[in-house]
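Close look at the chain arrangement
What follows is each chain in one-letter form.
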Amino acid sequence: RPTGRLNYTRVVPADDLQGPLSADWAKRRGVKTVCILDDNEVYGKGIADLFDERCREIGIEVLGHDSIDAKAQEFKSLMASIKAAKPDLVYFGGTTQSKGGQLAKDMASALSKKSKFALGPLADFEPADRSPNWFVVFFIFIALAILFTV
């Protein structure tokens, strides 16, 4: 802050654009089917609902849209049911604070490399809430993004 003034710049689209833009991105990546999860909170559910709506508009088949219990310790049984549906993409509307990291870990161990995982508002990674293993979760997101989009 050389001038002593505080500045703010938002580097992600407005909330109401994130879901539809994510669906458009998925379509360009060749996604034909998707399972959508959300954290049942205003932000995550809102983005997931907008993603769902846009998917249906552009011809991506929505195989399911469920809310998770953000207090759950793991999501292995949920991932088993998603695996049976064989989606091209699993989309999560939520944040790292509402178990995005655990979902990514459980998905990586349950689903094939052909399935992709997208965390809707990844920009909401909250450094203030880092657990002792925050860096593991963060790098899992980066690794999944690389692994499942190549």
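For the structure given in this document, a descriptive report is provided here.

Conventions used here
- Each chain carries its own residue numbering, running from 1 in the direction its sequence is written.
- Residue-level local features of this predicted model are given only where pLDDT is at least 70; pairs of side-chain atoms are given and counted only at 80 or more, and the full residue set underlies all totals for whole chains, interfaces and linings.
- Note: side-chain values were computed over all heavy atoms of the structure, leaving out hydrogens and water.
- Only protein chains enter the accessibility calculation, which uses a 1.4 Å probe; a residue whose area is less than 20% of its type maximum is buried, one above 50% is exposed, and one in between is partly exposed.
- We count a stretch as a helix when DSSP gives it H or I for four or more residues in a row; a strand needs E for two or more, and each element gets its number in order from the N terminus.
- DSSP calls a pair of strands paired once it identifies at least 2 bridges connecting them.
- Salt bridges are counted wherever a side-chain nitrogen of Lys or Arg sits within 4 Å of a carboxyl oxygen of Asp or Glu.
- In this analysis, two residues are considered to be in contact whenever any of their non-hydrogen atoms come within 4.5 Å of each other.

**Regarding the pairing of strand E3 (residues 89-93)**
For E3, the buried fraction is high: five of the five residues fall into the buried class. Burial along E3 is two-sided: Leu89, Tyr91 and Gly93 facing one way and Val90 and Phe92 facing the other are all buried. One ladder, built from five bridges, connects strand E1 (residues 33-38) with E3; its direction is parallel. When the sheet's bridge partners are listed, Leu37 is paired in E3 with Phe92.

**Describing the pattern of salt bridges**
Going through the model one piece at a time under the given rule, you end up with four salt bridges. For Arg54, the salt bridge identified is with Asp24, shortest N-O distance 2.8 Å. Here Asp24 lies in helix H1 (residues 15-28) and Arg54 lies in helix H2 (residues 42-58), a separation of 30 residues in the sequence. By relative accessible area, which is 26% here, Arg54 ends up partly exposed. Two residues, Lys45 and Asp49, come together in a salt bridge whose shortest N-O distance is 3.3 Å.

**A word on the side chain of Asp24**
We classify Asp24 as buried; its relative accessible area is 19%. With residues up to four places along the chain from it excluded, the contact list for Asp24 reads Arg54 and Ile58.

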